Amino acid sequence: MRYAILSDIHSNLEALQAVFEACRYQNVDKILSLGDVVGYGASPNECLSILEKVGAVSVAGNHDWAVSGRLDASYFPVDGKESILWTRNKLSFEAITSLNSLELVYQNEDLAISHSSFFEPEAFIYLTNAEKTLNSFDVMSRPICFVGHTHVPKVYIKRENDVISLNIAEFELDAKHKYIVNVGSVGQPRDGNSFASYCIYDSDMHIVELKRIKYDVETAQRKIVKAGLPNFLSERLTIGK
Ligand code: ZN
């Protein structure tokens, strides 16, 4: 099975379209969305309906639950809170209901996915270094799991006695190890690279590829400004921060 694994789309239709266009040449069988489909960007309805159309399997991100009222929005920074309220007003009752019903973890015979972590996923902690992944590795029942939430792609490898973190674009699984792969963000990358980030995982070949694709940043920015969302949410797309 070939999976396209997307996280943190954040209502950025232009980035999502570029990723799907690239996926057409990747023989993808199934699309997985790791949450935060909405929030920050100006096209929440469009992003949700595209994911639905392609039959994506989705888990909840903190923005998805905050928009739908399942999570208190008060702990978000000002820009985040503003975009959550804006998004809530834009979505239909059906869209809010479907975001509200999303679970935090999905797993099948090949892999598991969660927005933030596998240990207490409801806490939405940020896996920003190898030490923070230890709890998640302890509770993982699959050899490979995928997360997002930090908007920074990264590969964590649990070896016999330690966990290492690597910035690598492609690798083959070693049966002796376990893996947590952060797939980065489609719609708001924060690693200094403005290109949309996503992952292809081939569970038959045991190969993971972390990919970047250029998209129409200017159009996404124009829509954010026109929507009256905070300017910073537009500006950060240029610098990928
Ligand atoms: Zn996010």
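Placed above this text is the structure.
Residues numbered from 1 in each chain as written. Predicted model: local features only at pLDDT ≥ 70, side-chain atom pairs only at ≥ 80, totals over all residues. Heavy atoms only, no water.

Draft legend 1. The sheet that holds strand E6 (residues 144-147), seen in detail. Strand order across the open sheet formed by 6 strands is E4-E5-E6-E10-E7-E8, with mixed pairing between neighbours. Bordering the open sheet on either side are strand E4 (105-107) and strand E8 (163-166), each of which pairs with just one other strand. Looking at each pair of strands side by side, their axes are set apart by 15 degrees on average, direction ignored. Looking at chain direction, E4 and strand E5 (residues 112-114) are connected through 3 bridges and run antiparallel. Bridged to Gln 107 within E5 is Ala 112. (Pairing = 2+ DSSP bridges. Helix = DSSP H or I, 4+ residues; strand = E, 2+ residues; numbered from the N terminus. Axes fitted to C-alpha atoms, helices over the stretch in contact; angles between N-to-C directions.)

Draft legend 2. The environment of Val 139, seen in detail. Positionally, Val 139 belongs in helix H6 (residues 134-139). Judged by relative accessible area, Val 139 falls into the partly exposed class, the value being 44%. Measuring from C-alpha to C-alpha, the distance between Val 139 and Leu 32 comes to 21 Å, with 107 residues separating the pair along the chain. In this structure Val 139 touches Phe 118 and Phe 119, once residues within four positions along its chain are discounted. (Buried < 20%, exposed > 50% of the residue type's maximum accessible area, 1.4 Å probe, protein only. Contact = heavy atoms within 4.5 Å.)

Draft legend 3. Expanded view of the environment of Leu 91. For Leu 91, the position within the fold is in the loop between helix H4 (78-90) and helix H5 (93-100). Setting aside residues up to four positions removed in sequence, Leu 91 forms contacts with Pro 44, Asn 45, Leu 48, Val 67, Ile 96 and Leu 99.

Draft legend 4. Broad picture of the coordination of the zinc ion. Note on the zinc ion: its protein donors are Asp 8 (OD), His 10 (NE2), Asp 36 (OD) and His 151 (NE2). The metal-donor distances range over 2.0 to 2.4 Å. Here the zinc ion is ringed by 4 donor atoms whose angles at the metal span 84 to 175 degrees, and the overall shape comes out irregular. Each donor residue of the zinc ion belongs to the same chain, and together they define the spacing D-x1-H-x25-D-x114-H. Of this pair, His 10 sits in the loop between strand E1 (2-6) and helix H1 (13-23) while Asp 36 sits in the loop between strand E2 (30-33) and helix H2 (44-53), and the two are 26 residues apart along the sequence. Taken individually, His 10 and Asp 36 each receive the classification buried, so the pair is uniform in this respect. (Donors = N, O, S within 2.8 Å, 3.2 Å for Na, K, Ca; no water. Tetrahedral: all angles 85-135°; square planar, octahedral: opposite > 155°, others 65-115°.)

Draft legend 5. Structural context of the side chain of His 177. Examined against the element boundaries, His 177 turns out to sit in the loop between strand E9 (170-172) and strand E10 (178-182). Residue contacts for His 177: discarding those within four places in its chain leaves Pro 143, Ile 157, Lys 158 and Arg 159.

Draft legend 6. Structural view of the environment of Ser 98. Note that Ser 98 resides in helix H5. With relative accessibility at 36%, the residue Ser 98 sits in the partly exposed group. Ser 98 sits 50 residues away from Leu 48 along the chain, and the two C-alpha atoms are 9.6 Å apart.

Draft legend 7. Spotlight on the pattern of salt bridges. As enumerated under the stated definition, the model contains 7 salt bridges in all. Where Asp 202 meets Arg 2, a salt bridge forms, and the shortest distance between an N and an O atom there is 3.2 Å. You can see Asp 202 sitting in strand E11 (residues 196-202) and its partner Arg 2 sitting in strand E1, a full 200 residues away along the chain. Both residues of the pair, Asp 202 and Arg 2, belong to the buried class. With its nearest N and O atoms 3.3 Å apart, the salt bridge here joins Glu 209 to Lys 211. Residue Lys 211 is classed as partly exposed on the basis of its relative accessible area of 22%. (Salt bridge = Lys/Arg side-chain N within 4 Å of Asp/Glu carboxyl O.)

Interpretation note: all reported values are geometric properties and have no functional meaning in isolation.
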